[in-house]
Amino acid sequence: MKPSVYRLGRFFLWGAAHEQQAQDAWPAGDVKAGEIHRPSLFINTLKSHFLFVLDSAADVACDVQTLGRLLRLARDVRAGMIYSDYLDNDGGRLIEHPLLDCQPGSVRDNFNFGHFFIVSVPAAKAALAKYGALPSDPETALYDLRLKVSADHPLLHVPEFSYIASGKKQKPVKKAGRPTEALFAYVAAENAGRQKRLEKIATAHLKRIGAYLPVRTGQAWEIQEDALWKASVVIPVLNRKKTIADALTSALGQKTDFPFNILVVDNHSTDGTTGLLKKFAAQYPHVLHMIPERHDLAIGGCWNEAIASPHCGRYAVQLDSDDLYSSPHALQKIINALRRGRYAMLAGSYTLVNEKLKPIPPGVIDHREWTKANGHNNLLRVNGLGAPRAFDTAVIRKIGFPNVSYGEDYAAALRVSRDYKIGRIYESLYLCRRWADNTDAGLSIEKQNRNDFYKDRLRTMEIQARQMLNSNSNECRALRAGLSVPARKTETPDQIFAEFPTPDHPALSPLCNDLFQSQKKSWPKLAATCRDLAAAREKTLSCDRYSVTLQFNPGRALSSGAAVDAESIKKRPCFLCAGSLPAGQEGILYRGDFLILCNPAPIFHHHFTVVSRRHIQQEITTSLPALLQLAADAAPDYTAFYNGPACGASAPDHLHFQMMPVDALPYLHALRDLPMIGETAGVRYSISQGIDRAIVVLSSGDDEALTGQFLNLLRAAQTVLVTPDEPLMNILCSYEKDHWILTVFLRRKHRPDAYYAHGDERIFISPGAVDMAGVVVTPKLIDFERLDCSGIRNLYREVSLDEESLAEILKIALK
């Protein structure tokens, strides 16, 4: 039976079990085809093994033997989709048209699969069952299908010219205005709706493969106090005698309220450009004519020369050698936006013009598909984000540019967007000239393929980096499980006391002190708990080789008695989320990711809780770098600490740290004199013996090495304790004299048995990091009065890891 042919948008679709059946149904001429309105239903009702997809805009000839070969290859590798190179029939002349291998980074919607490809129906059905239905929109359904299929099956490219494609004569379609160059069609206003639909599909795919990142809030803070220039206009140039004078004149004409210079990197021009540049440099002191020593530099390499120069200013701003700024105020607008947003990178908008500077379609290229919430993810789908581009020099020096002349800016933007927020200006600031010598004008198939392959490779590497970044995170696990990922919480303006760091607040400790004093005056609850704390009773117990401070603190009853089992947590709202903060409570927005709050039930004066702005699980493996950063920022006045999700954290469902005054725990001072038992990768291992607790101290001036050794210790503990979960632990983190001291209390129990006893036998103590470090908090007076050294010793020994297990863990960790 001859299979029926259907149409989805401009594509013919039909199912076939083998090559002869496919050949028999091959659409030719004015074939009658039914319309597909529900693509998922159409695929799910197919009985055949293969779905054939043919572009109706071309006449395609493919013999039955070749079809058979393609089907055999598809079966051999269990391909989700198979496509091949082809020959273009140009008036009887056959022109080879090679295609590209589909990489993990080939997520752009304009990836070229040719005029004909084949989809595995079982793979398509499995993808729809696993990842959901396709959109009914013909423009996006096939894009969604191939991304969903690619998540679990290879998309096989056969580098053979398997068919001949001849263009059909199409009736001209009248459109308003002049035609848009194909390179820029996707930013045309009439395509905005389609772009949003494609973005939604691509974002869902990134979530499926673990490469999606939530909103990036990283900011540029490193200030170059010795920088002579606020900004540098960077112009790489090679043989642009015709245009370089116009570009320089445009830069020199900028009117700003700050000093700027112009760094022209002359890549050994031979057409007279060098002579022109020498004249400009002699006439204008702030024009620096740079000629690299190296002769192998591309545009990216020239950028690296400029940003590495000691003459490069606080910000580095792009100007290509054949382009112009659109007004004398463009540079001022760029720097104003960079300063206000503390962006690591900013992209403006530009107008396409011809050699006579007359606008050409589509006119202004503003990349309005970029959004603050998702632009960094959508950038993996599109080929750029706008121009002119400007960078915080301290950030871009660390990242650098690849030494290429195509895609160097895209590579930098991808890398910046992984960590930092990027600013946008949608006003046209720049005139981009289209002329015969443009690097992306009139490209051959081979050159276009090289360019496309390189950007796909950049995307592949970036996707892999983001997958690695996510690999151990709660967010990634949730996404892979099909769960929603909580967005970073948005605090109301009256909840933000200040931000850190900023030029006005370069140190964290004074800012925390200011917050505390302000909150005591403005937040009645804190004022009341501080009065209670001042009246709290304390006593010191001398227990042989160590002493302990007992603190009677009724205000800690709620925290000590918190139900932390999974069922209880499900039933209550999270009291650390921004929407649950009590009226009057304010915080410091810390590095865009956390909110520093005054603890409403303090153990010490100036006791702070540092809360993640996302509702993610308490977990140390992915949050240790943040703890180390916090300790360094809070030094020398504060120590940071972490309670494990089953070791004192009253909100194990919401990531948080705490801070206390550095002198609050006398035990911490004794750490300096602990004997070293080993050193690995520059990290010192010490243990504290004879104090009834299992304590390992790691210290190093290298945060990456320290993180690596801590994770090594963690894995050793998991091995010895035979658990895949985070071992029970509390962590204190101090920073002094340019190195970190990480004190790890290894535990075997959260609470002692006496906590669950009844009547007079109950001891209402739920030890966390502070208790383990020598300040034991007792919310009940009876416990405060009756506890002695024997009781404290028994408590520590019961909840701490035994000496034998500790020795085995260290033996593995120090191998």
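As a reminder, the structure under discussion sits directly above these lines.
As the structure is a computational prediction, the values presented were derived from the model and not from experiment. (Residues numbered from 1 in each chain as written. Predicted model: local features only at pLDDT ≥ 70, side-chain atom pairs only at ≥ 80, totals over all residues. Heavy atoms only, no water.)

## A short note on the overall build of the protein chain
What counts is decided by this rule: The way it works is that DSSP assigns letters per residue, a run of H or I at least four long becomes a helix, a run of E at least two long becomes a strand, and they are numbered from the N terminus. Exposed residues in this analysis have more than 50% of their type's maximum accessible area, buried residues have under 20%, and partly exposed residues fall in between, with area computed by a 1.4 Å probe over protein chains only. Two residues qualify as a contact provided that any one of their heavy atoms is within 4.5 Å of a heavy atom in the partner residue. Values of accessible area rely on a 1.4 Å probe in the Shrake-Rupley scheme; residue burial ignores everything except the protein chains shown. Note that His is not counted, nor are the chain ends; the positive residues are Lys and Arg, and the negative ones are Asp and Glu. In plain terms, the charge of a residue is placed at NZ if it is Lys, CZ if Arg, CG if Asp and CD if Glu.
Along the backbone of the protein chain there are 26 helices and 32 strands. For the C-alpha atoms alone, the extent of the protein chain along its principal axes is close to 100 × 80 × 50 Å. Considering the protein chain as a whole, with its 815 residues, one finds that 54% of them fall into the buried category. For the protein chain, contacts bridging at least 24 residues in sequence account for 75% of all contacts bridging at least 6. Entry remark: accessible area of the protein chain is about 35900 Å², with carbon and sulfur atoms responsible for 53%. Seen as two clouds, the 96 positive and the 89 negative side-chain charges of the protein chain have centres 5 Å apart.

## Section: the pattern of salt bridges
Quick reminder of the rule: The salt bridge definition used is simple: a Lys or Arg side-chain nitrogen within 4 Å of an Asp or Glu carboxyl oxygen.
In the structure shown here, the tally under the stated rule is 31 salt bridges. One salt bridge connects Arg433 with Asp246, and the closest N-O pair in it is separated by 3.6 Å. Remark: Asp246 occurs in helix 7 (residues 244–252) and Arg433 occurs in strand 18 (residues 422–433); sequence separation between them is 187 residues. The buried category is assigned to Arg433, whose relative accessible area is 7%. On the basis of relative accessible area, Asp246 is assigned to the partly exposed category, the value being 36%.

## A few points about helix 6 (residues 192–208)
Test applied: Multiplying 1.5 Å by the helix residue count minus one yields the expected span of that helix.
Over its 17 residues, helix 6 runs 25 Å from end to end, which matches the ideal 24 Å to within 8%, given 1.5 Å per residue. Every buried residue of helix 6 is accounted for by Gln195, Leu198, Glu199, Ile201, Ala202, Thr203, His205, Leu206 and Arg208. Those residues of helix 6 hidden inside the fold are in contact with helix 4 (121–131), helix 5 (138–150), helix 11 (375–378) and helix 14 (445–470).

## A few points about the packing of helix 4 against helix 5
Applicable threshold: Fitted lines through C-alpha atoms give the axes, limited to the stretch in contact for helices. The angle between two N-to-C directions lies from 0 to 180 degrees. Angular relationships are summarised with four words: roughly parallel below 35 degrees, roughly antiparallel beyond 145, roughly perpendicular across 65 to 115, and oblique for the angles in between. Residue polarity is assigned by list, with Asp, Glu, Lys and Arg as charged and Ala, Val, Leu, Ile, Met, Phe, Trp, Tyr, Cys and Pro as nonpolar; anything else, Gly included, falls into the polar class.
Where helix 4 meets helix 5, the closest approach of the two axes is 9 Å, and the angle between their N-to-C directions is 90°. Compared by their axis directions, helix 4 and helix 5 come out roughly perpendicular. Mapping the contact onto sequence places Ala123, Ala124, Ala127 and Tyr131 in helix 4 and Leu145, Lys148 and Val149 in helix 5. Taken together, the residues of the contact of helix 4 with helix 5 break down into 6 nonpolar, no polar and 1 charged.

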